Amino acid sequence: MLNQSSELDLMFQALADPARRSMVDRLCHGPASVSELAEPLVMSLPSVMQHLQMLEASGLVRSQKVGRVRTCRIEPAALRLAERWIGERRAYWEGSLDRLGDYLDAHPEEPEA
């Protein structure tokens, strides 16, 4: 099992590619077959499958094959992990900037750099 840092690394690697982001965007609207995901992309079906494998390895997407059709769906828990990580960083930087603002307000006599 991967630790949280490794999961995030894989997730952000998966989201670094525009084709994979496009697939994730589409899946946020509901499940889709591989051929539906491939339709707007200018690449071969094997290439689409490689991208989907990366999305599945990252935990962002799950797929299920029924007969000859593989249906993919987004994995909301993975998105929540990324959202929490981003939120923690945002809170840290907002707090840091608030403290800087408070300091600058309290020390207006100090020259600007």
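Residues numbered from 1 in each chain as written. Predicted model: local features only at pLDDT ≥ 70, side-chain atom pairs only at ≥ 80, totals over all residues. Heavy atoms only, no water.

Q: Looking at this model, I keep getting lost on helix α2 (residues 18-27). Mind explaining?
A: Owing to its 3.6 residues per turn, the α-helix aligns residues three or four sequence positions apart on the same side. For α2, every residue scored as buried is listed here: A19, R20, M23, V24 and L27. Projection of α2 onto a plane perpendicular to its axis shows the buried side chains occupying an angular sector of 140°, all on one side. Of the surrounding elements, those touching the buried residues of α2 are α1 (4-15), β1 (32-33), α3 (34-38), α4 (45-58), β2 (61-66) and β3 (69-74). Residue D17 occupies the N-cap position of α2, its side-chain oxygen lying 2.8 Å from the main-chain nitrogen of A19. (Buried < 20%, exposed > 50% of the residue type's maximum accessible area, 1.4 Å probe, protein only. Helix = DSSP H or I, 4+ residues; strand = E, 2+ residues; numbered from the N terminus. Arc of directions from axis to C-beta. Contact = heavy atoms within 4.5 Å. Polar contact = N/O pair within 3.5 Å; in protein donor to acceptor, adjacent residues only side chain to side chain.)

Q: How do you make sense of the nonpolar core when you look at a structure like this?
A: Soluble, globular proteins show a tendency: their nonpolar side chains are buried together. By size, the foremost hydrophobic cluster in this structure holds 22 residues, and its most contacted members are L52 and L55. Listed by contribution, the elements that provide at least two residues to this core are α1, α2, α3, α4, β3 and α5 (76-106). Of all the elements, α2 adds the most residues to this core, at four residues. Once residues within four sequence positions are removed from consideration, L52 is found in contact with M23, V34, L37 and C72. (Core = buried A, V, L, I, M, F, W, Y, C linked by side-chain atoms within 4.5 Å.)

Q: I keep staring at a negative patch on the surface and nothing clicks. Help me out?
A: A cluster of like negative charges, contributed by E94, D98, D102 and D105, occupies part of the molecular surface. Looking at the secondary structure, you find D105 in helix α5. (Patch = residues over 30% accessible without salt bridge, like charges linked within 9 Å, V, L, I, M, F, W, Y side chains within 5 Å. Areas by Shrake-Rupley, 256 points an atom, 1.4 Å probe, with all protein chains shown as cover. Salt bridge = Lys/Arg side-chain N within 4 Å of Asp/Glu carboxyl O. Lys, Arg positive; Asp, Glu negative; His and termini not counted. Charge placed at Lys NZ, Arg CZ, Asp CG, Glu CD.)

Q: Looking at this structure, how should I read the pairing of β3?
A: Across a regular strand the side chains alternate sides, sitting on one face of the sheet and then on the other. Where β1 lies against β3, two bridges are found, and the strand directions are antiparallel. Bridge pairing in β3 links S33 to T71. With six bridges connecting them, β2 and β3 associate as antiparallel partners. Across the sheet, residue S63 finds its bridge partner in β3, namely C72. Between β2 and the antiparallel strand that follows it, β3, lie two residues; G67 among them carries a positive phi value of about 65°. (Pairing = 2+ DSSP bridges.)

Q: Honestly, the packing of α1 against α5 in this entry has me stumped. Any pointers?
A: Packed helices, taken two at a time, are described by the angle between their axes plus the distance between the axes. Relative to each other, α1 and α5 sit at 100°, their axes nearing to 10 Å. Classified by the interaxial angle, the pair formed by α1 and α5 is roughly perpendicular. Contacts between α1 and α5 involve Q4, E7, L8, M11 and F12 from the former and A78, L81, A82, R84, W85 and I86 from the latter. Of the residues that constitute the contact of α1 with α5, the class distribution is eight nonpolar, one polar and two charged. (Axes fitted to C-alpha atoms, helices over the stretch in contact; angles between N-to-C directions. Parallel < 35°, antiparallel > 145°, perpendicular 65-115°, else oblique. Nonpolar A, V, L, I, M, F, W, Y, C, P; charged D, E, K, R; others polar.)

Read these as layout, nothing more, since geometry by itself doesn't imply function.
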